[in-house]
Amino acid sequence: MKISTLLFSVALWFTLLIPGFQVEKPDIISVEDWGGKPPSGEVEEHEIRFITIHHAGVEIPEDADPKEKLQGLQRFSQNDKNWIDIPYHFSIDLEGNIYENRPLKYPGDTNTEYDPTGHALIQVLGNYEVQKINNKQLDAIAHLSAWLAQEYDVSTDAIATHKDYSDQTVCPGEDLYTYFEDGTILNRIEDLLSN
């Protein structure tokens, strides 16, 4: 009995020390909880190797209901674009709440020339060419990105933005992109991964 207790204690100690166990999964609002539908079909599955940040590109007022915005985006994506779902895997609202979108096993979609296969796509609701990103959103981007990096063994060198892969866009917007240029977001991610 003492040996099994000792083995459990040693296993727990190693688990706490091994990189990859330190970032807790953030709270994520499920598709069902925001009133979304399942994907309208299937596409070839992929493996996550990158994490890429987008913005919606549409200004969102503070009193807007993010669930309604996501429902509208899903309808547009499935009915008008003929995509299987919202093109992103996660969305973040103005309060820093994280919403599940397209299942991670399926690559996202894009209107630009880059291939999103292998990318976990995070969309921040709003247009950051005209809006200002806030600290709650920055915290959510960092926490979600760190957790995804841990879960899928993605290097921080492989965390970037839409415009880093495409010459056809200003996404994720000038204000949000500033926090990538100055290292703020990547430093927060690295801090979470090293704790």
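Coordinates for the structure precede this section.
Residues numbered from 1 in each chain as written. Predicted model: local features only at pLDDT ≥ 70, side-chain atom pairs only at ≥ 80, totals over all residues. Heavy atoms only, no water.

Another point: the overall build of the protein. Counting secondary structure elements, the protein contains five helices and six strands. Along the chain direction, N to C, the helices and strands of the protein fall in the order α-β-β-α-β-β-β-α-β-α-α. Taking all 195 residues of the protein together, the buried fraction comes to 45%. Partitioning the intrachain contacts of the protein with sequence separation of at least 6 by distance along the chain shows that 76% fall at a separation of at least 24. If you sum the accessible surface of the protein, you get close to 10,800 Å²; carbon and sulfur atoms cover 49% of it. (Helix = DSSP H or I, 4+ residues; strand = E, 2+ residues; numbered from the N terminus. Buried < 20%, exposed > 50% of the residue type's maximum accessible area, 1.4 Å probe, protein only. Contact = heavy atoms within 4.5 Å. Areas by Shrake-Rupley, 256 points an atom, 1.4 Å probe, with all protein chains shown as cover.)

What follows is about the nonpolar core. Formed by 42 residues in total, the largest nonpolar core has its most connected members in Ile 51, Ile 53, Leu 148 and Leu 176. When residues of this core are traced back to their parent elements, those giving at least two are β2 (50-55), β3 (90-92), β4 (98-100), β5 (119-124), α3 (135-152), α4 (174-181) and α5 (184-194). Looking at which element gives the most residues to this core, the answer is α3, with nine residues. Setting aside residues up to four positions removed in sequence, Leu 176 forms contacts with Ile 53, His 54, Val 124, Tyr 128, Ile 133, Leu 138, Ile 141 and Ile 185. (Core = buried A, V, L, I, M, F, W, Y, C linked by side-chain atoms within 4.5 Å.)

Interhelical geometry of α3 versus α5 gives an angle of 50° and a closest axis separation of 9 Å. Put simply, α3 runs oblique to α5. Seen along the crossing, α3 lies across α5 with a hand that is right-handed. Here Asn 135, Leu 138, Asp 139, Ile 141, Ala 142, His 143, Ser 145, Ala 146, Ala 149 and Gln 150 of α3 come into contact with α5, specifically with Ile 185, Arg 188, Ile 189, Leu 192 and Leu 193. The residue inventory of the contact of α3 with α5, partitioned by class, reads nine nonpolar, four polar and two charged. (Axes fitted to C-alpha atoms, helices over the stretch in contact; angles between N-to-C directions. Parallel < 35°, antiparallel > 145°, perpendicular 65-115°, else oblique. Left-handed = near helix turned anticlockwise from the far one by under 90°. Nonpolar A, V, L, I, M, F, W, Y, C, P; charged D, E, K, R; others polar.)

This part is about the pattern of salt bridges. For the coordinates displayed, the defined rule picks out four salt bridges. Close ionic contact of Asp 175 with Lys 132 constitutes a salt bridge, the shortest N to O distance being 3.8 Å. Residue Asp 175 is found in helix α4, and its partner Lys 132 is found in the loop between β5 and α3; the two are separated by 43 residues along the sequence. Look at Asp 175 and you get buried, because its relative accessible area is 13%. The residue Arg 188 makes a salt bridge to Asp 139 at a minimum N-O spacing of 2.5 Å. Of this pair, Arg 188 sits in helix α5 while Asp 139 is found in helix α3, placing the two residues 49 residues apart along the sequence. Classification of Asp 139 as partly exposed rests on a relative accessible area of 40%. (Salt bridge = Lys/Arg side-chain N within 4 Å of Asp/Glu carboxyl O.)

The next thing to look at is the sheet that holds β5. Reading across from one edge, β1-β4-β3-β5-β2-β6 is the order of the six strands in this open sheet, with mixed pairing throughout. For this open sheet the edge positions go to β1 (28-29) and β6 (159-161), each flanked by a neighbour on one side alone. Across two bridges, β1 lies against β4 in parallel orientation. Residue pairing in the sheet places Ile 28 in a bridge with Ile 98 of β4. Its contacts with the sheet put α4 on β2, β5 and β6, and the angle it makes with β6 is roughly 150°. (Pairing = 2+ DSSP bridges.)

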